[in-house]
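Read off the chains here:
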Amino acid sequence: MASDESPHDDQDIRLAIQRLARRIRSMQADDDVTEGQRAVLFALSKNGPQTLGSLSEHERVTPPSMNRTINALVDLGLVTRKTATDDARKVSLDLSPAGCDFTRETQRRRDAWFTTRLDALPAEQRRLLREVTPILRDLADS
């Protein structure tokens, strides 16, 4: 750590990133969807149909926990289950049309909120954010 840095500087960075992420996540199409449910919807949106096991692994939760999440999403009409024709034990999970609408509207709201906030910043601050974007991406991907 450089002599002009303090442990509080790192904490301030972490807290600011957490607050920003929480603020962005709050922009969603339906307040009845939990954070865990939303993560599953976006995983299905990004990766296409999945099995319960692959979703559990992706979200790092147990299969019983994922099953509860999927049941809630099916009850909300956001996810569909489809049994494989060749193996009744294999079930594919995918977004329903309402689930697709939810993810699109949530993404639209997040983009609109963030774009509005970025546009309000002075040009120099926007330039600095563009410069640190690769660093933030590396941190997020680590």
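From a predicted model like this one, the values you see are computed outputs, not experimental measurements.

Trainee: Can you walk me through the packing of helix H3 (residues 52-59) against helix H4 (residues 63-75) in this structure?
Mentor: Between H3 and H4, the shortest axis-to-axis distance is 9 Å and the interhelical angle comes to 105°. With respect to each other, H3 and H4 are oriented roughly perpendicular. Contacts from Leu52, Leu55, Ser56 and Glu59 in H3 reach Pro63, Met66, Asn67 and Ile70 in H4. When the residues that make up the contact of H3 with H4 are grouped by side-chain class, the tally is 5 nonpolar, 2 polar and 1 charged.

Trainee: I'm lost on the layout of surface pockets in this one. Help?
Mentor: Picture a little ball the size of a water molecule; that probe, rolled over the atoms, points out where space is still empty. Roughly 700 Å³ of internal volume is contained in the largest pocket. Contributing elements (two or more residues each) for the lining of the largest pocket: helix H1 (7-25), helix H5 (97-119) and helix H6 (123-141). Among the elements that make up the lining of the largest pocket, the one with the highest residue count is H6 (8 residues). Looking at the lining of the largest pocket, its residues break down into 13 nonpolar, 1 polar and 4 charged. Considering only enclosed or pocket space, the second largest pocket measures out at about 560 Å³ in volume. If you trace the second largest pocket, you find 15 residues lining it, with Arg25, Ala39, Phe42, Lys46 and Arg110 closest to the centre. Mapped by element, the contributors of at least two residues to the lining of the second largest pocket are H1, helix H2 (35-47), H3, H5 and H6. Top element by residues in the lining of the second largest pocket is H2. It accounts for 6 residues. Grouping the amino acids of the lining of the second largest pocket by side-chain chemistry returns 6 nonpolar, 2 polar and 7 charged.

Trainee: How should the environment of Trp113 be read in this particular structure?
Mentor: Along the chain, Trp113 turns up in helix H5. Distance in space between the C-alpha atoms of Trp113 and Met27 is 7.8 Å, their sequence separation being 86 residues. Look past the residues within four positions of Trp113 in its chain and what remains in contact with it is Leu20, Arg23, Ile24 and Met27.

Trainee: Mind showing me how you'd approach the environment of Thr85 here?
Mentor: Structurally, Thr85 can be placed in the loop between strand S1 (79-83) and strand S2 (91-95). Along the backbone, Thr85 and Phe42 are 43 residues apart, and their C-alpha atoms lie at a distance of 26 Å.

Trainee: Please explain the pattern of salt bridges as it appears in this structure.
Mentor: Any two side chains of opposite charge can pair, so long as their charged atoms come close to each other. As enumerated under the stated definition, the model contains 6 salt bridges in all. With a closest N to O distance of 2.9 Å, Glu105 and Arg109 form a salt bridge. One end of the pair, Glu105, and the other, Arg109, are both in helix H5, 4 residues apart, so they sit about a helical turn from each other. For Glu105, a relative accessible area of 23% gives the class partly exposed. Looking at Arg109, the relative accessible area reads 33%, which means it is partly exposed. Among the salt bridges present, the one from Arg127 reaches Glu124, with a minimum N-O distance of 2.4 Å. Of this pair, Arg127 and Glu124 both sit in helix H6, 3 residues apart, roughly one helical turn. Its relative accessible area of 43% is what places Glu124 among the partly exposed residues. One network of salt bridges, with partners in common, ties together Glu105, Arg108 and Arg109.

Cut-off values and rules
Residue indices begin from 1 for each chain and proceed along its sequence in written order. This being a predicted model, a pLDDT of at least 70 is required before a residue's local features are given, and a value of 80 or more before pairs of side-chain atoms are given or counted; all residues contribute to the totals for chains, interfaces and linings. By convention in this description, side-chain values take in all heavy atoms of the structure and omit both hydrogens and water. Here, axes are lines fitted to C-alpha atoms. For helices the fit covers the stretch in contact, and angles between N-to-C directions go from 0 to 180 degrees. The helix count covers DSSP runs of H or I at least four residues long, the strand count covers runs of E at least two residues long, and both are numbered beginning at the N terminus. Angle categories are assigned with fixed cut-offs, so that under 35 degrees is roughly parallel, over 145 is roughly antiparallel, 65 to 115 is roughly perpendicular, and the rest are oblique. We call two residues in contact whenever any of their non-hydrogen atoms come within 4.5 Å of each other. Charged means Asp, Glu, Lys or Arg here, nonpolar means Ala, Val, Leu, Ile, Met, Phe, Trp, Tyr, Cys or Pro, and polar covers whatever is left, Gly included. Here a cavity means grid points, on a 1 Å grid over the protein atoms only, where a 1.4 Å probe fits yet cannot get out; a pocket means an open set of points with protein on both sides within 12 Å along at least five of seven lines; lining residues are those with an atom within 4 Å of a point. Grid points are joined across faces, edges and corners, and a volume is the space filled by probe spheres set on the points. Criterion for a salt bridge: a side-chain nitrogen of Lys or Arg within 4 Å of a carboxyl oxygen of Asp or Glu. Burial status follows relative accessibility: with a 1.4 Å probe on protein chains alone, a residue under 20% of its type maximum counts as buried, one over 50% as exposed, and anything between as partly exposed.

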